[in-house]
Amino acid sequence: MAATQFVKDAIAHDPIVLFTKSDCGYCEMVKEIFDNMKVTYKVIELDNREDMDDIQDALEGITGARSVPRVFVDGVFIGGGSDVRKMSQSGKLQELLQK
């Protein structure tokens, strides 16, 4: 499926990839966490794409859920908004990004 290949290519190309929607509070929170850490990341705003549903289906196949945000670091899914916030608060996110 083209959407699955798109997701795989995206997460292989950039170290940090956020699959988000522009009207999502958890998505804004995740972007703010990375902004505050002053790290560069790639955002793919699904609600600006005609293939949004296909990409969310692909994300569900890869991560087990269609919800956003879906956050990948170095090609590995690390979680959604609450997961990333917990990792940031515990210092685990900073450790992961320093590797």
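As recorded by an unreviewed UniProt entry, the protein chain carries the name Glutaredoxin-2, mitochondrial and is attributed to Sipha flava. The protein chain has a UniProt comment under Subunit (unreviewed entry) that states "Monomer; active form. Homodimer; inactive form. The homodimer is probably linked by 1 2Fe-2S cluster." Of the protein chain, the UniProt comment under Sequence similarities (unreviewed entry) reads exactly: "Belongs to the glutaredoxin family."

**Considering the nonpolar core**
Core analysis: the biggest nonpolar cluster contains 15 residues, and F19, L46, I55 and L59 have the highest contact counts within it. Sort the elements by how many residues they give to this core and helix α1 (residues 2–13) lands first, with four residues. Other than its neighbours up to four places away in sequence, L59 contacts V7, F19, L46, G64, A65, R70 and F72.

**Notes on the environment of I11**
Summarising the element assignment, I11 is placed in helix α1. Setting aside residues no more than four positions away along its own chain, I11 makes contact with V17, F19, F72 and G75.

**Comments concerning the side chain of K31**
Within the element layout of this structure, K31 appears in helix α2 (residues 25–36). Sequence-distant contacts of K31, that is, excluding residues within four places in its chain, are made with L18, T20, Y41, V43 and E45.

**Description of the sheet that holds strand β4 (residues 76–79)**
Ordered by their spatial adjacency, four strands build an open sheet running β2-β1-β3-β4, and the pairing between neighbours is mixed. Each end of this open sheet is capped by a strand with a single partner; those strands are β2 (42–45) and β4. The mean inter-strand angle of the sheet, taken between neighbouring strand axes irrespective of direction, is 25°. Across four bridges, strand β1 (residues 16–20) lies against strand β3 (residues 70–73) in antiparallel orientation. Paired with F19 across the two strands is R70, which belongs to β3. Packed on one face of the sheet, α1 meets β1, β2 and β3 and runs near 140° to β1. Helix α4 (residues 81–90) contacts β3 and β4 of the sheet and is inclined by roughly 85° relative to β4.

Conventions we followed
- Residues numbered from 1 in each chain as written.
- Predicted model: local features only at pLDDT ≥ 70, side-chain atom pairs only at ≥ 80, totals over all residues.
- Heavy atoms only, no water.
- UniProt positions renumbered as here; feature names shortened; annotations may be inferred.
- Core = buried A, V, L, I, M, F, W, Y, C linked by side-chain atoms within 4.5 Å.
- Buried < 20%, exposed > 50% of the residue type's maximum accessible area, 1.4 Å probe, protein only.
- Helix = DSSP H or I, 4+ residues; strand = E, 2+ residues; numbered from the N terminus.
- Contact = heavy atoms within 4.5 Å.
- Pairing = 2+ DSSP bridges.
- Axes fitted to C-alpha atoms, helices over the stretch in contact; angles between N-to-C directions.

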